[in-house]
Structures are given as structure tokens and as C-alpha cells.
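# Residue-level structural notes
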Amino acid sequence: MLRIGTLSLEQPTILAPMAGLTDRVLRQLMDEIGGCGAMVSEMIAAEGLRRRNRRTLEMIAGFPTRAPQFIQLFGAVPEALAEAAAIVSAETGYAGIDINMGCPVPKVVRSGAGSGLLQDLPRLGAVVAAVRRATALPLTVKVRLGFSQVNVLETTRVIEQEGADAVAVHFRLRSDGYKGSARWDLAAAVRASLRIPLLGNGDIMTLAFALEKLRAVDGVLIGRGALANPFLFREIAGQETRERDWGGTVRRLGALIEEHYPERKRLGKLKAFIRFLVLSRPGSRSWKRRIFLSQDFREARGFLEETFPCA
Ligand SMILES: Cc1cc2nc3c(=O)[nH]c(=O)nc-3n(C[C@H](O)[C@H](O)[C@H](O)COP(=O)(O)O)c2cc1C
């Protein structure tokens, strides 16, 4: 069991935050499939939440799940993040808050948010301290190894000192983007330097890799691997996976998209999930092409369901 502040996770596995992907649809789908210890939302602008921007409020709309859900906030201004955290605590059912210090997108970095914070330790510390004062919810911070040079021992020390309950490390630099392999060899040194749990992240695509990495850290975040194989969390939890119901899963995905998005957004959403779904499946190129070329949600959904017949 993994403890993050007052929260006990049944499994040491967490669905990693992914903008455009870990929305309500994916979190609900993953929760129904089961096996995962917690799930993190898409990144949510602290400024948007503080101003109660309508679209931001729609993105964080709550729904009950078995696995606890964290909301991930991003921003550069400590007061804005603190205000957003106070709103999450007082007005939503989220079980915890994660702060984004890993996003490599230039626009986000230029504003001083995301991985931009890794270059500014005093601000990084002020952000964690302000959010810590604003909420009693379990608090995690997600970083990369550094911006263009490794400084993960420094950043995680400040994060721990300022009161976070766990730290998640994507074992790449900001300058790596998503290239190369995540540098898990650095996990031992980071873990040895911390008292709070270390959550490791990067390139977990298979059961064997996950089990190996779970020996090096206290818990793992899985992003793309959870889309490529939605049953991965169940496999890691040692739950029955002989009956991998791909047919039922893609049908449920289509139904959830239809339920939660207006017509004009459905096709884009389906394509976003399909980009990552079943990466290694034989013949995936040809069926993905059909779906990407489609101009119509119903048609694309039909192709998907044809490709994955019901068991
Ligand atoms: C499409 C996409 C969107 C992402 N959005 C976020 C995000 O909003 N916040 C965040 O902290 N990380 C984000 N990430 C990074 C993932 O959380 C994770 O750190 C990264 O994908 C490496 O883990 P993986 O190999 O298990 O996917 C995103 C990654 C992808 C592929």
C-alpha cells in the first residue's frame, strides 16, 4: 500500500496526467477497468480556476470513482495556485492536488510555469509553500530531472521541505521532450535523499518493466502505456487479465465520448485517444489510418468497433 499524506492507495500505480487525454472519459474508463491506485486529471490552469472560467470548471467537473482522483494545477504565481488549491479543497470532491513542474511546452515555460519552475528554485519553493498553506489535501508535485541539466536532488529537496506529501519524477530533462529513454538509473539517488514517497515515471509500457521499476521507487505513474494497454494496471495489480475485453473497452470509450462531449468535439477526442491506443497491435497502421481520415464520429467509431469485435 502506498501512502500519500492522509491517503492510502490500494495499488502503487497512478494514471499520469495527460493534457487532452486524462479527461473524464479516460478516467472513468480506466476506473471501470480497474487495477489503478489513483488517477490524475489533465493539467488545469490555476488562473482559469481562480477566475472560475467556465471551460476550466467544465474540465474539472467531478464524478465518483473507486480510485481516488488528483487534480493537476499549473501556474507560475504562488497566490494563484494557492487560490486554485483552496477552491479544489472547498468545492470539489478531488482527493488530492498535484502541481505541474514538468510541462515542456514553450508557451507554458515562458510564463514561468511547468518545467519553467525547475529553473527558479525560490519560486518553486514559494509555489509549494503557498499551496501547502492553502490546502490540507494530499499534495504531490510532478517534476522532470531538470530543465537542461539534472537538478532533481535540489528541486525535490525543496519540494519536501515545503510540505509536499510525495514527489513524482519523470526521468527526463525538459530539453529531452519525449526523446530517448527515461533515465531510471537516477531513481536510487533521488529516493535515498527523500523521506516522502518517490513516484517514478517514464516509458512504462509492459508488466515486466513496471514490476522492475516498482522495486526502485515507491509508486509509478503510467501515461502512454495505459492507453496502449488499458489492462496494464490490472496486470500489475495481479488481477485476472485473461479476458481482455478490447471489444467492450472500445465500445465503452465511444459511448463515454458521446455522453460527455458535444457533437463537434467527439471526432477530435476519439482521434486523440486512438493515436496512443494499442500502439503495437499488428496491422494498427491501416485501421488507424481509416479512423484518422474519417470526417465523421459515427463512422470512425464504426471502424473502431469493426476492428475490435465483441468477444
Ligand atoms: C499527450 C500527452 C499529454 C501530457 N500532458 C501532461 C500534463 O498535462 N501534465 C503533466 O504533468 N504531464 C503531462 N504529460 C507527461 C506524462 O504525464 C508523462 O510524464 C510522460 O508521458 C512520460 O510517461 P509515460 O512514458 O508513462 O507516458 C503528457 C504526456 C503526453 C504524451
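Above this text you will find the structure in question.
These remarks concern the structure in this document. Because the structure is predicted, anything quoted here is derived from the model rather than measured. (Residues numbered from 1 in each chain as written. Predicted model: local features only at pLDDT ≥ 70, side-chain atom pairs only at ≥ 80, totals over all residues.)

## A closer look at the site of the ligand
The following threshold applies: For each residue, a C-beta position is placed from the backbone atoms; the residue is near a molecule or strand when that point lies within 6 Å of it. Gly is placed with the polar residues, together with every amino acid not listed as nonpolar (Ala, Val, Leu, Ile, Met, Phe, Trp, Tyr, Cys and Pro) or charged (Asp, Glu, Lys and Arg).
The immediate surroundings of the ligand are formed by 22 residues, with Ala-16, Ala-19, Met-43, Gly-223 and Arg-224 found nearest. Here the shell around the ligand is built from residues that sort into 9 nonpolar, 9 polar and 4 charged.

## Observations regarding the sheet that holds strand β10 (residues 219-222)
Operational definition: DSSP bridges decide pairing: two strands pair if at least two such bridges lie between them. Numbering of helices and strands starts at the N terminus; helices are DSSP runs of H or I of at least 4 residues and strands are runs of E of at least 2. Throughout, an axis means a line fitted to C-alpha atoms (over the contacting stretch in the case of helices), and angles, computed between N-to-C directions, take values from 0 to 180 degrees. Working definition of a contact: two residues with C-beta atoms, positioned from the backbone, lying within 7 Å.
With respect to topology, 8 strands assemble into a closed barrel ordered β3-β4-β5-β6-β7-β8-β9-β10, the strand pairing being parallel. Each strand of the sheet is rotated relative to its neighbour by a mean of 30 degrees, with strand direction disregarded. Relative to strand β8 (residues 166-173), strand β7 (residues 139-146) is paired through 6 bridges, and the arrangement is parallel. Considered in β8, the bridge of Gly-146 is made with Leu-173. Relative to strand β5 (residues 69-74), helix α4 (residues 78-91) is tilted by about 160 degrees, and along the sheet it contacts β5 and β6 (96-101).

## A look at the pairing of β7
What counts is decided by this rule: Labels follow a simple rule on C-beta atoms placed from the backbone: if 20 or more others lie within 10 Å of a residue's own, it is buried; if 12 or fewer, it is exposed; otherwise it is partly exposed. Convention used here: a crossover is right-handed provided that the path from the first strand, over the helix, to the second strand proceeds clockwise when the strands point away from the viewer.
Most of β7 is tucked away, with 8 of its 8 residues classed as buried. Pairing of β6 with β7 involves 5 bridges; the strand directions are parallel. Counted as the bridge partner of Ile-97 is Leu-139 from β7. As for the winding sense of the linkage, the β-α-β connection from β7 through helix α7 (residues 152-161) to β8 is right-handed.

## Re the environment of Gln-239
When you line up the elements, Gln-239 lands in the loop between α11 (232-236) and α12 (246-260). On a C-alpha basis, the gap between Gln-239 and Gly-34 in space is 9.0 Å, while along the polypeptide they are 205 residues apart. Contact partners of Gln-239, with chain neighbours within four places excluded, come to Gly-34, Gly-35 and Arg-234.

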